[in-house]
Each structure stands twice: as C-alpha cells, then as structure tokens.
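Here are the chains, one letter per residue:
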Amino acid sequence: TSVAVEKTEENKPKKIFISHSTADAEFAEALVNMLHAIGVQYNEIFCSSVPGCWVEEGQDFIQTIKKHFQDYELYMLYIHSPRFYNSHVCLNEMGAAWIAQSDYSSFLTSDMSYEQMDAVVRNTEIAIKVDTNDANFRLNDWLNRLLRWLNKPAVETNVWEYHRGIFLNTVKNIHYNQKKTSEEQLSEYDKERLKKWVDSGDNTLFQAWYAEGSATFGLGAKNQYTVKGGREIAEWVGFFKRLLSLGLVELVGHKKGHQDYKLTEAAYIYFD
C-alpha cells in the first residue's frame, strides 16, 4: 500500500516518527523510553508498537500514517534491521519520508550490518550501530541534533548518561532468531520474480542503473524493469539482498551506478 504525501507546509507541529518492523518492537520500546526520560512527551512520538504512541483502537493504520505525513513536520528515526528490509510498510514509510524530505536518524540493531543498508538511506550515511565502541558518542551527537530540532533545552548530563546506558544495555542484549530458511524469508512476490529469472534460461548479470530518481533492474536480458520513486527502488534492492543472504545469487561486480549479480546453483535447486 502506498502513502500519498503532500508538500511540506510551514508551521506544522513537530513529531518524532519511529519507523520499525513489528519484530523489533522491543528495540522501539527502549528508544521511546529513552526519549520520554529526557523530556519528550508521548504525544510528541509516533511508534506503532508502544502504548500511548501507537494507532488508537478503531483507527485505520495506513490512514494514520498518511495523516502523520500530511499534518506534522516529522523527524524519522529508522530502526534498521534485517526485518526492516523485509517489511513493505517500513520501506513505504522510508520512501514517503524521502519524498517529503523529512529529517531523520538511523539506528542499527546488533544483527544489522552497514553493508545491508542499501535503500533510500544508504550505507554511506553515518548511523548509530548500538553494539559498537562509538555508540555513546554517536548518541551524544544525535541528542544535540534532536533537541535543536525540537527546540528543547539541554538535558542534564547525569540524567542523559544514565538513560543512554539503560537504552544501550537493553538493545545490545536483545536476542534475535537465527536466519530464516529461504521458504520463510522469501515472499510470494520474491519467489515469482526469482522463478522468472530462473526460467528465462539467462544467467546474465543483474544490473541497476540509477538516473534522476529512477532505476532499471534486470533479471536476465529478457526481464527488464524500470521503476521510479524511493519505495519501489528500496523494495527491489531489498529483494536482491534477500537473495544474496540466502545464497541464491552472488555478487560478481560493483561498478559506479550498479551492482552485478548472477544466479547460483542453489537458485535452480530451489525450484526443483
């Protein structure tokens, strides 16, 4: 489902929007708790997994998201995880925020690598990876930026360091399930696209050409797709990341403007 975004208007109320997979609700809750502890009110946060910040009973989820993009100036907090890139809703939110040119910051779960960030928000941008040695310092920079955006006063040092420590201790100790099997991880749409590639008999390389917000993706020479917009591009990139993580394709080249993949034997065995 797509979200239509109107042009940003001045003087809209500000709100923090936490974009995350429902499977990362524990991480999102820890982030909300830290925000609330430093003076951000629940009504200044939208987070679909946390009471007080979520979609109210009887309300439509998609329409609520759409209304937030229309009615508020948003600061997006992305919780990047392998689960985030398997969520159409998350990719939709990222694409809508990109169109609206919303401010944002990125958090990486302990089981997420920088190399996996290859959607609208790319791995060339500085992010906060919670299990690295510099996480404390990155969070300090983020706090100052966020408070400026919210026009809120500085937080007392001891209060901030205490709640920063609780947050990092919580999220670093979240236990994630082992990697899913290909049957669990690939959607029906993923399987359909992969089948077209396998059945084409063409093991030529996948390529993507980016130009002025559009991209062309190839599943062999016979199946070429040109898409526009952040959400569609992010979804295609996610598709190839899922194939790569499952060993169904391998990366054979990385040139300016595109990456080259080819099918592995496992891709053909998958449909035997």
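All figures in this text were calculated on a predicted structure; none of them were measured in a lab. (Residues numbered from 1 in each chain as written. Predicted model: local features only at pLDDT ≥ 70, side-chain atom pairs only at ≥ 80, totals over all residues. Heavy atoms only, no water.)

Moving on, we get to the packing of helix 3 (residues 88-100) against helix 8 (residues 230-245). At a closest axis distance of 8 Å, the pairing of helix 3 and helix 8 adopts a crossing angle of 140°. By the angle between their axes, helix 3 is oblique relative to helix 8. At the point where helix 3 passes helix 8, the crossing takes the right-handed sense. Between helix 3, through His88, Leu91, Asn92, Gly95 and Trp98, and helix 8, the contact on the second element is made entirely by Gly230, Arg231, Ala234 and Glu235. (Axes fitted to C-alpha atoms, helices over the stretch in contact; angles between N-to-C directions. Helix = DSSP H or I, 4+ residues; strand = E, 2+ residues; numbered from the N terminus. Parallel < 35°, antiparallel > 145°, perpendicular 65-115°, else oblique. Left-handed = near helix turned anticlockwise from the far one by under 90°. Contact = heavy atoms within 4.5 Å.)

Let us now look at the pattern of salt bridges. This structure, assessed with the given rule, holds 13 salt bridges. The residue glutamate 44 makes a salt bridge to lysine 152 at a minimum N-O spacing of 3.4 Å. Of this pair, glutamate 44 sits in the loop between helix 1 (25-37) and strand 2 (45-46) while lysine 152 sits in the loop between helix 4 (135-150) and helix 5 (157-172), and the two are 108 residues apart along the sequence. With a relative accessible area of 25%, lysine 152 lands in the partly exposed category. Between aspartate 199 and lysine 195 there is a salt bridge, with the nearest N and O atoms lying 2.6 Å from each other. In this pair, aspartate 199 and lysine 195 both sit in helix 7 (residues 188-199), four residues apart, roughly one turn of the helix. Given the relative accessible area of 34%, lysine 195 is considered partly exposed. Put simply, Asp190, Arg193, Glu235 and Arg242 are held in one network by salt bridges that share partners. (Salt bridge = Lys/Arg side-chain N within 4 Å of Asp/Glu carboxyl O. Buried < 20%, exposed > 50% of the residue type's maximum accessible area, 1.4 Å probe, protein only.)

Attention now goes to the layout of surface pockets. For the second largest pocket, the calculated volume is near 310 Å³. Looking at the second largest pocket, it is lined by 18 residues, and the ones nearest its centre are Lys15, Trp54, Glu56, Thr64 and His68. At the level of secondary structure, the elements contributing two or more residues to the lining of the second largest pocket comprise strand 2 and helix 2 (61-71). Element by element, the count of residues in the lining of the second largest pocket is highest for helix 2, at five residues. (1 Å grid on protein atoms, 1.4 Å probe; cavity = no way out; pocket = protein on both sides within 12 Å on 5 of 7 lines; lining within 4 Å. Points joined across faces, edges and corners; volume = space filled by probe spheres on them.)

Attention now moves to the sheet that holds strand 8 (residues 224-228). The antiparallel open sheet is built from three strands, whose spatial order is 6-7-8. At either end of the open sheet lies a strand with only one pairing partner, and these are strand 6 (208-211) and strand 8. Averaged over all neighbouring strand pairs, the angle between strand axes comes to 15°, with direction disregarded. Sheet analysis places strand 7 (residues 214-218) next to strand 8, joined by five bridges and oriented antiparallel. Across the sheet, serine 214 pairs through a bridge with lysine 228, a residue of strand 8. Relative to the sheet, helix 8 contacts strand 6, strand 7 and strand 8, its axis offset from that of strand 7 by approximately 30°. (Pairing = 2+ DSSP bridges.)

Next up on the list: the sheet that holds strand 3 (residues 73-80). Reading across the sheet, the five strands line up as 2-1-3-4-5 and stay open at both edges, with parallel pairing between neighbours. Because the sheet does not close on itself, it has two edges, and the strands there are strand 2 and strand 5 (128-129). As defined by bridge partners, strand 3 adjoins strand 4 (residues 103-108) across six bridges and the pair is classed as parallel. Of the residues in strand 4, the one forming a bridge with isoleucine 79 is phenylalanine 107.

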